[in-house]
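An overview of the molecular structure
Below, each chain spelled out in residue letters.
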Amino acid sequence: MIHMGLLSRANCYSVRRNLFTVHATSSSPVANPIQIPSKDETALILIRHGESLWNEKNLFTGCVDVPLTQKGVEEAIEAGKRISNIPIDMIYTSSLIRAQMTAMLAMTQHRRKKVPIIKHNESEQAWKSSQIHSEETKKQSIPVITSWQLNERMYGELQGLNKQETADRFGKEKVQEWRRSYDIPPPDGESLEMCADRAVAYFKEQIVPQLLTGKNVMIAAHGNSLRSIIMYLDKLTSQEVISLELSTGIPMLYIFKDGKFFRRGSPTDPSEAGVYAYTRSLALYRQKLDEMFH
Ligand SMILES: O=C(O)[C@H](O)COP(=O)(O)O
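Before going into details, it helps to say that this report is about the structure given with it. (Residues numbered from 1 in each chain as written. Predicted model: local features only at pLDDT ≥ 70, side-chain atom pairs only at ≥ 80, totals over all residues. Heavy atoms only, no water.)

1. Notes on the overall build of the chain
Put simply, the test is: Helix and strand assignments come from DSSP, with helices taken as H or I runs of at least 4 residues and strands as E runs of at least 2, each series counted from the N terminus. For the exposure calls, accessible area comes from a 1.4 Å probe over protein chains only, and a residue counts as buried if that area is under 20% of its type's maximum, exposed if over 50%, partly exposed in between. Here, two residues are considered to be in contact whenever any of their heavy atoms come within 4.5 Å of each other. Areas reported as accessible are Shrake-Rupley estimates using a 1.4 Å probe. Residue values count occlusion only from the protein chains shown.
What the chain contains, in helices and strands, is twelve helices and seven strands. A buried classification covers 48% of the 294 residues belonging to the chain. In the chain, once contacts between residues fewer than 6 apart in sequence are set aside, the share between residues at least 24 apart is 75%. Accessible area of the chain: about 14200 Å², with a carbon and sulfur share of 53%.

If you want it as structure tokens, here you go:
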């Protein structure tokens, strides 16, 4: 959410710098201050974790809790650079370390320099002992919520097996069906549909309400838990989702506005005007950062 106080400067800024195509309501934006849309809009960023040690070994990982490789660490940092000018008020990640590492490493690059802090509510004692007793410090932090519902789909009996060896043993088509179909689970594992039953439900019940209150949200999760969420956001059919592939460590930006999600693509560079040109609030937030940290 951008405070209205910035708007007047932003008008001059966008006219003077003309960096962002913030659409004026008249031919002369300076003379006739730009009308700010009545509905606020918020950002939703999705990032699949960076490369993990088992991604590197081409092993089925699922819910096995393995860390990032050096390359995965670098991918997470690069992702952070790409979203460093986009507002983030809350972070959701899974209970698996590769997603949590990705979230924390990405946030080291954010220009706002708020501190991401994992919220421990696994027990009342954990919650009590992790309280922050300073309102100012709280304002300089970003809550990180970990949730098993955002975990990677459970790959059942394939977990730990080499993907190529598995294809050699069961056939390429069968393994591709297990990996990418919507409703065919791997042996004793979760289908994408079963993964969606928890991940999309969690997104609707826990994350959408935050977006509705104007919070900008980042989700750092997994190839298939995010495929199930993107299938929901983009209204993909069970046929279309088969071809949906997510690379490790590449952020995807959505704008949430008037209860709808608009995919905006993957920010490639923090100075890229394109992403900010899509929305006034991103342009204003970028201008706010330029002023705070010029
Ligand atoms: O769980 C895994 O093995 C990977 O994170 C995703 O695997 P997939 O690309 O085969 O679904």
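2. Quick look at the packing of aromatic side chains
How two aromatic rings sit relative to each other is given by the distance of their centres and the angle of their planes. Test applied: Any two of the Phe, Tyr and Trp rings considered here, Trp counted by its six-membered ring, make a pair once their centres fall within 6.5 Å; the pair's planes then place it as stacked at under 30 degrees, edge-to-face at over 60, or tilted in between. A ring is considered to have a charge above it if a Lys NZ or an Arg CZ atom is located within 6 Å of its centre and within 35 degrees of its normal.
Taken as a whole and judged by the stated rule, the model has six aromatic pairs. Look at Phe256 and Phe261: their rings are 4.6 Å apart centre to centre, the planes differ by 40°, and that puts the pair in the tilted class. When its relative accessible area of 17% is taken as the criterion, Phe261 is described as buried. Each residue in the set Phe203, Tyr232, Phe256 and Phe261 is aromatic and connected to the rest through ring pairs, giving one cluster. In this arrangement the basic side chain of Arg153 is found over the ring face of Tyr155, its NZ or CZ atom lying 4.5 Å from the centre. The lysine or arginine in question, Lys163, covers the ring of Phe60, its NZ or CZ lying 5.3 Å from the ring centre.

3. Here's the deal with the sheet that holds strand E2 (residues 90–93)
Quick reminder of the rule: Note on pairing: DSSP must find at least two bridges between two strands before they are called paired. Where helices are involved, their axes are fitted lines through C-alpha atoms of the stretch in contact, as for all axes, and angles between N-to-C directions lie from 0 to 180°.
The sheet built from seven strands is open, its strands ordered E3-E4-E2-E5-E1-E6-E7 with mixed pairing. With partners counted over all chains shown, the strands left at the sheet margins are strand E3 (115–118) and strand E7 (260–265), one partner each. Ignoring strand direction, the axes of neighbouring strands in this sheet form an average angle of 25°. Pairing of E2 with strand E4 (residues 141–146) involves three bridges; the strand directions are parallel. When the sheet's bridge partners are listed, Tyr92 is paired in E4 with Ile145.

4. As for the pairing of strand E6 (residues 251–257)
The element E6 is extensively covered by neighbouring structure, given that six of its seven residues are classed as buried. Pairing geometry for strand E1 (residues 41–48) and E6, over seven bridges, is antiparallel. Looking at the pairing, Leu44 lines up with Tyr254 of E6. Here E6 runs beside E7; their pairing, made up of five bridges, is antiparallel. Across the sheet, the residue bridging to Ile255 is Phe262, located in E7. The hairpin turn running from E6 into E7, its antiparallel successor, is two residues long, and Asp258 in that turn takes a positive phi close to 50°.

5. With respect to the site of the ligand
Convention followed: The near set for a molecule or strand comprises every residue that places at least one heavy atom within 4 Å of it. Each polar contact in these results corresponds to two N or O atoms within 3.5 Å; when the atoms are within protein, one needs to be able to donate a hydrogen and the other to accept it, and residues that are neighboring in sequence are counted only if both atoms are side-chain atoms. When residues are sorted by character, Ala, Val, Leu, Ile, Met, Phe, Trp, Tyr, Cys and Pro go into the nonpolar class, Asp, Glu, Lys and Arg into the charged class, and all the rest, Gly among them, into the polar class.
Every residue near the ligand is listed here: Arg48, Asn55, Leu59, Phe60, Thr61, Gly62, Glu152, Tyr155, Lys163, Arg179, Arg180 and Asn224. Interatomic distance of 3.1 Å between a side-chain N/O atom of Lys163 and an oxygen atom of the ligand. In this structure, Asn224 approaches the ligand through a side-chain N or O atom, which is 2.8 Å from an oxygen atom. Looking at the shell around the ligand residue by residue, the class counts come to three nonpolar, four polar and five charged.

6. A look at the nonpolar core
Worth spelling out the cut-off: Buried Ala, Val, Leu, Ile, Met, Phe, Trp, Tyr and Cys residues form a nonpolar core when they are joined through side-chain atoms within 4.5 Å.
One finds Leu44, Leu46, Tyr92, Phe203, Ile219 and Phe261 to be the most contacted residues of the largest nonpolar core, which totals 31 residues. For this core, the elements supplying multiple residues, two or more each, are E1, E2, helix H9 (192–212), strand E5 (217–221), helix H10 (223–233) and E6. Broken down by element, the residue count for this core peaks at nine residues, all from H9. Non-local contacts of Phe203, meaning those with residues more than four positions away in its chain, are made with Leu44, Val208, Leu211, Ile219, Ile229, Tyr232, Leu233 and Phe261. Counting 17 residues, the second largest nonpolar core, distinct from the first, contains Ile45, Ile47, Ile88 and Leu282.

7. A closer look at unusual backbone geometry
With a phi close to 60°, Lys113 is a non-glycine residue in the positive phi region. A relative accessible area of 52% places Lys113 in the exposed class. The backbone phi angle of Lys235 is positive, close to 55°, even though this residue is not glycine. Here Lys235 lies in the loop between H10 and E6. Looking at Lys235, the relative accessible area reads 71%, which means it is exposed.

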